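# Fold and geometry: a report
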Amino acid sequence: MDGALWLDVVQQGHPPEKTIWFYKLDSDPGVGIPGGWASVEYIVSSEVVRASLYDLPNVEQALDNSEVVEVFGEGDGRVEIREITPP
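Residues numbered from 1 in each chain as written. Predicted model: local features only at pLDDT ≥ 70, side-chain atom pairs only at ≥ 80, totals over all residues. Heavy atoms only, no water.

## Examining the pattern of salt bridges
Considering all chains together, one arrives at three salt bridges under this definition. Linking arginine 78 and glutamate 80 is a salt bridge whose minimum nitrogen-to-oxygen distance equals 2.8 Å. Glutamate 80 gets classed as buried once you look at its relative accessible area, which sits at 9%. We note a salt bridge from arginine 82 to glutamate 80, for which the minimum N-O separation is 2.8 Å. Note on accessibility: arginine 82 and glutamate 80 belong to one class, buried. Via salt bridges that share partners, Arg78, Glu80 and Arg82 belong to a single interconnected network. (Salt bridge = Lys/Arg side-chain N within 4 Å of Asp/Glu carboxyl O. Buried < 20%, exposed > 50% of the residue type's maximum accessible area, 1.4 Å probe, protein only.)

See the structure below:
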């Protein structure tokens, strides 16, 4: 998920160590997710996430291998909760 949503989700009780800012999946080796994108259960796709795919191959793969389970809003500003279905 993007940084704006991350804080809200953590404040609602989700553990910060299991709640990842999307760009860290590709850019922060300290995140340490064995299996990369295929080890992530859900991805929250927002306008910021969708606009940043050009240099984030793990995020792109996560989106490509996921299905929408919930949508909030419409158009470019929509937020999608997507369940990842690894190969």
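Next comes the rest of the account.
## A closer look at the sheet that holds strand 2 (residues 66–72)
Ordered by their spatial adjacency, three strands build an open sheet running 1-3-2, and the pairing between neighbours is antiparallel. The outermost strands of the open sheet, each flanked by one partner alone, are strand 1 (42–45) and strand 2. Across the sheet, the axes of successive neighbouring strands diverge by a mean angle of 25°, strand direction being ignored. Of the strand pairs in this sheet, strand 1 and strand 3 (residues 79–84) are connected by four bridges, and their pairing is antiparallel. Residue valine 44 lies in a different strand from strand 3, and its bridge partner there is isoleucine 81. Along the sheet, helix 4 (residues 57–64) contacts strand 1, strand 2 and strand 3; its crossing angle with strand 1, the most-contacted strand, is approximately 100°. (Pairing = 2+ DSSP bridges. Helix = DSSP H or I, 4+ residues; strand = E, 2+ residues; numbered from the N terminus. Axes fitted to C-alpha atoms, helices over the stretch in contact; angles between N-to-C directions. Contact = heavy atoms within 4.5 Å.)

## Details of the side chain of serine 45
Along the chain, serine 45 falls in strand 1. Given the relative accessible area of 1%, serine 45 is considered buried.

These figures come from the coordinates and say nothing about function on their own.
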